[in-house]
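Structural features, examined
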Amino acid sequence: MSEFLLQNDPTSQIYLDANATTPVLKSISDVVSHTMQICFGNPSSSHISGIQAKSLLESARSKARRVIGATTGDILFTSGATEGIQTGVVSTLIAAKNHGLRAPVLLYGATEHKAVPNTLEHWNQVLGINAQILAIPVDEYGILDCNFIAKHAKNALMICTMAVNNETGVFQDLAAIENAIRSHNTDVAWMVDCVQALGKTALALSETSIDYAPFSGHKLYAPKGIGILYIRQGSAYTPFIAGGGQESGMRSGTENLPGIAGLNKLFSLLLDTDDNTFKSLDILYEYRTQLHQALLDTFGSLTFNHSFSHSVPTTLNFAVDGLSSKEVMDMFDAAGIRVSGGSACSSGANRSFVLDAMGVSDWQSENAIRLSFGPSITQSEIEQACLRIRSLKAILAANCLVVSDSTEPLQDVCAIGLTQFRHQGACCWLYVSNNKQAVIVDPIVELIPRLEKIVQTQNLQLVAILDTHAHQERTAARVLLTEALKLTLTERDNLGWPISISQILLSECIIESIATPGHSDDSVSYLLRCNNTNQVQFCFCGDLLLPAGLGNTAIKGGNALLMAKSLKLLNACLSEDSVICSGHDYQQCFAINWQVQKQQTALLNSLLNNDLSDEEFAKQKLASDEVNMDQFASLCGYAQSLEHINAKELDPKQARAMLKKSSCYIIDTREPYEHSVADIPLLFGVSAERVINIPLSRMANALVAQQLKKHTDYILLCRSGNRSKQAAFNLTQLGFENVYNLRGGLALFNV
């Protein structure tokens, strides 16, 4: 039995990430399987099995010509588009080594898949061409600047463009590009990435002067690891893979016959006018309209990052106003809807270079969602997708993520107590008292729409919006948020503290302000003190302290000697269990108390233990900051790597065994909007009382609320196992002894 076998439930997921990859169609997988087991001969063999295999291979090549309109030229079977790109670039640059141009250039579209510019850069260096590599700019619609192409074409050794963009679905006017190129240079090599065009636009390559056109099978229901490269007749060619001389010596290595058989079937489906597997453009446009309306009905305020009139119908790229792409993707994933943030090949990136080239706002670039479907999708599948998307609206409203249509919102207060909001390492804090009074500390411009929705949907009484200091690395959001909420507050100082009062009184606590200069001369810390115990529960210290680190003093207004005095003042006010709420969290710590902060910050510990005088501390701190400024160029502060404590992990089998003990609990570290989509108790076979939802954004509150007991067994989980692993690491540092992470998270639980 396979060691990695997923449950086969076609209704469990709605797959809308076809631009990343597609499932293999049943009719294609049947052919692939047949070729692996029955028609498995080597096309180079001279016996009957080899002859049959060769016939299959040539049949696929012949059909490929008809599909892409290549009556002449070569069709080369490759492992996929990346190999095709390498082959085209290497062939061109080797042929151009003795070019004789004074200022040679290599041109590529600014929105091109990274495989193209990275390949150009690599082989330009390796082959010693030393041409200047230039990105062809695009306009706001993503359309290439033909004037730029015309200007540089005469000095170009190669020009690389794409037919359809993988992130936005924007298609290029290939005829206009060809005119811009050939009017100024009839000989330059022109490569067009046609991966996303197959099955979505008509192609007639032999009627163009395109020299190289790579395709990839897995983007259109064929297996991974197979593709084709079209090479125009007479274009330069150097084999990228040498060896046994297969493919008429053009690409050595035994051919991937099962993959080629898959392409053969794919091409047959595309060519069969009586087959309805692939839908017409009119039908695909209608599908897009339905999905578009479902998104609008669900999220209300959307920004689409591309013009539908300039895009193929199978791609929708958008940003949800006020929600990060991570929040949207996590919620979609929890609901079984698979989408991606920008390009799947660049999913680790913080922003989209494609959208940056189109000149969209930072918010759109950083929070783009790509929804894409394949041309074989059915009306029934579109309806299921729309239904699943619309089902999220109630969850969004219940978690303060959209403004509810109802005059009587269904949800309780989203977050009594403390909630952390983050944007690129910066932290904002919202405290809501039992009677719905609220205080926001260190608001962030990008989070204003989110905070505005929470205040509005919950009818919170906003008592104060506070900054801990004038943030030097970002625009102050306090005034903008006040204006957005149309608040009329009593007279405030420059950081938002009410003038003439020493405390902000809430129902169960008070907030005090104390001057704590050091990171800046205006730095203050806000201490939230419990009325019943008189203990400081939360210390909002801005960038005076960072988890396992201290704020930077080597900046304007910074003073290491004053920092020493401020740290001693805080030490006199805080208990060991006081939770530190910093303005930045570079360590992904989410929750740290004063005891662990001292343990993890050696310089702080030495100061408070009187191992260093204030002056000695200041000297060492300033010297350290100056070194870090040169190395990291960060304004806010520096954190040492947290002491490494291995979080204990369980595989699914071990987790199931541990959960047989009634004393073992599950902690779902996902956000409430993710948690509420799936029935975790049912999935794990435990009572609802044994499942606790504590997202990372609420971990600091959980510590103060004493939701967790240090000697109880807890299994932490999330979608992938990453967030829960971080939470397990944090809790282990805080002294929780029996905390376990579910390795692989929910994604691998049923493997």
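The structure presented is a predicted model; accordingly, all values stated were derived computationally and were not measured.

Within strand β10 (residues 315-320), six of the six residues are buried, which leaves the element mostly enclosed by the surrounding structure. A two-sided burial pattern is seen for β10, the buried positions comprising T315, N317 and A319 on one face and L316, F318 and V320 on the other. Examined bridge by bridge, strand β9 (residues 302-304) and β10 share three bridges and lie antiparallel to one another. By the bridge assignment, L302 is partnered in β10 with V320. In terms of strand pairing, β10 meets strand β12 (residues 369-372) through four bridges, oriented antiparallel. Residue L316 lies in a different strand from β12, and its bridge partner there is L371.

Across all of its chains, the model carries 29 salt bridges by this definition. One salt bridge in this structure joins D30 and K26, with 2.9 Å as the shortest N-O distance. Note that D30 and K26 are positioned in helix α1 (residues 26-37) at a spacing of four residues, about one turn of the helix. You can call K26 exposed: its relative accessible area is 59%. Connected through salt bridges with shared partners, the residues K326, D330, D333, R338, E674, R719 and R723 form a single ionic network.

It is worth spelling out the nonpolar core at this point. Side chains of nonpolar character tend, in soluble globular proteins, to be buried together. Core analysis: the biggest nonpolar cluster contains 66 residues, and Y526, F538, F540, L545, L567 and L731 have the highest contact counts within it. Per element, the largest residue contribution to this core is five residues, and it comes from strand β20 (residues 536-542). Aside from chain neighbours lying at most four places away, what touches L731 is M699, L703, L708, L716, F736 and V739.

Let's shift gears to the environment of A515. Mapped onto the elements of the fold, A515 is located in strand β18 (residues 509-515). A515 sits in the exposed class, given a relative accessible area of 52%. For A515 and L659, which are 144 residues apart along the polypeptide, the C-alpha to C-alpha distance reads 49 Å. Beyond its immediate sequence surroundings of up to four residues, A515 is in contact with S523, V524 and L569.

Taking 1.5 Å of rise per residue, the twelve residues of helix α12 (residues 379-390) would be expected to cover 16 Å, and the 16 Å separating its terminal C-alpha atoms lies within 8% of that figure. When α12 is considered as a whole, its buried residues turn out to be I382, A385, C386 and I389. The arc that holds the buried residues of α12, viewed along the axis, is 95 degrees, so those residues lie on one side. Buried residues along α12 sit in contact with β1 (14-15), α8 (281-299), β11 (337-338), β12 and α13 (392-398).

Attention now goes to the confidence of the model for the chain. Per-chain confidence: the chain averages 91 in pLDDT, with 93% of residues scoring 70 or above. Note on residues 403-413: pLDDT is under 50 here. Beyond four places in sequence and across chains, it has 14 contacts.

Below, the discussion takes up the sheet that holds β18. Strand pairing in a sheet relies on backbone hydrogen bonds, with the paired strands running either antiparallel or parallel. Sheet architecture is open: five strands sit in the order β17-β18-β19-β20-β23, paired in mixed fashion. Whereas interior strands pair on both sides, the edge strands pair on one side only; in this sheet they are β17 (503-505) and β23 (579-582). On average, each strand axis in the sheet is inclined to that of its neighbour by 20 degrees, with strand direction left out of account. One ladder, built from four bridges, connects β20 with β23; its direction is parallel. For F538, the partnering residue across the bridge sits in β23 and is V579. Sheet contacts for helix α16 (residues 560-573): β18, β19 (524-530) and β20; angle to β18, the most-contacted strand, approximately 160 degrees.

As summarised here, the arrangement of the three strands in space is β9-β10-β12, forming an open sheet in which the pairing is antiparallel. Bordering the open sheet on either side are β9 and β12, each of which pairs with just one other strand. Strand-to-strand twist in this sheet, taken as the mean axis angle between neighbours without regard to direction, amounts to 35 degrees. Across the sheet, α8 touches β9, β10 and β12, and the angle it forms with β10 is around 10 degrees.

Thresholds, definitions, all that
- All residue numbers refer to positions counted from 1 along the written sequence of the respective chain.
- Under the rules for a predicted model, residues below a pLDDT of 70 receive no local features and side-chain atom pairs below 80 are neither given nor counted, while totals for whole chains, interfaces and linings still include all residues.
- With hydrogens and water stripped out, all remaining heavy atoms of the structure feed into the side-chain values.
- Exposure is judged per residue with a 1.4 Å probe applied to protein chains only, and the accessible area is read against the type maximum: over 50% gives exposed, under 20% gives buried, and values in between give partly exposed.
- Helix numbers and strand numbers start at the N terminus; a helix is a DSSP run of H or I with at least 4 residues, a strand a run of E with at least 2.
- Strands pair, by our definition, only if DSSP identifies at least two bridges between them.
- In what follows, salt bridge is the name for a side-chain nitrogen of Lys or Arg lying within 4 Å of a carboxyl oxygen of Asp or Glu.
- Joining through side-chain atoms within 4.5 Å is the link that ties buried Ala, Val, Leu, Ile, Met, Phe, Trp, Tyr and Cys residues into a set, and such a set is a nonpolar core.
- Contacts: residue pairs with any heavy atoms within 4.5 Å of one another.
- In this analysis, the expected span of each helix is defined as 1.5 Å times one less than the number of residues it contains.
- Starting at the helix axis, one direction is taken to each C-beta atom, and the arc is that of these directions.
- For every residue, the pLDDT score states the predictor's confidence, bounded by 0 at the bottom and 100 at the top.
- Every axis corresponds to a line fitted to the C-alpha atoms, with the helix fit spanning only the stretch in contact, and the corresponding angles, defined between N-to-C directions, vary from 0 to 180 degrees.

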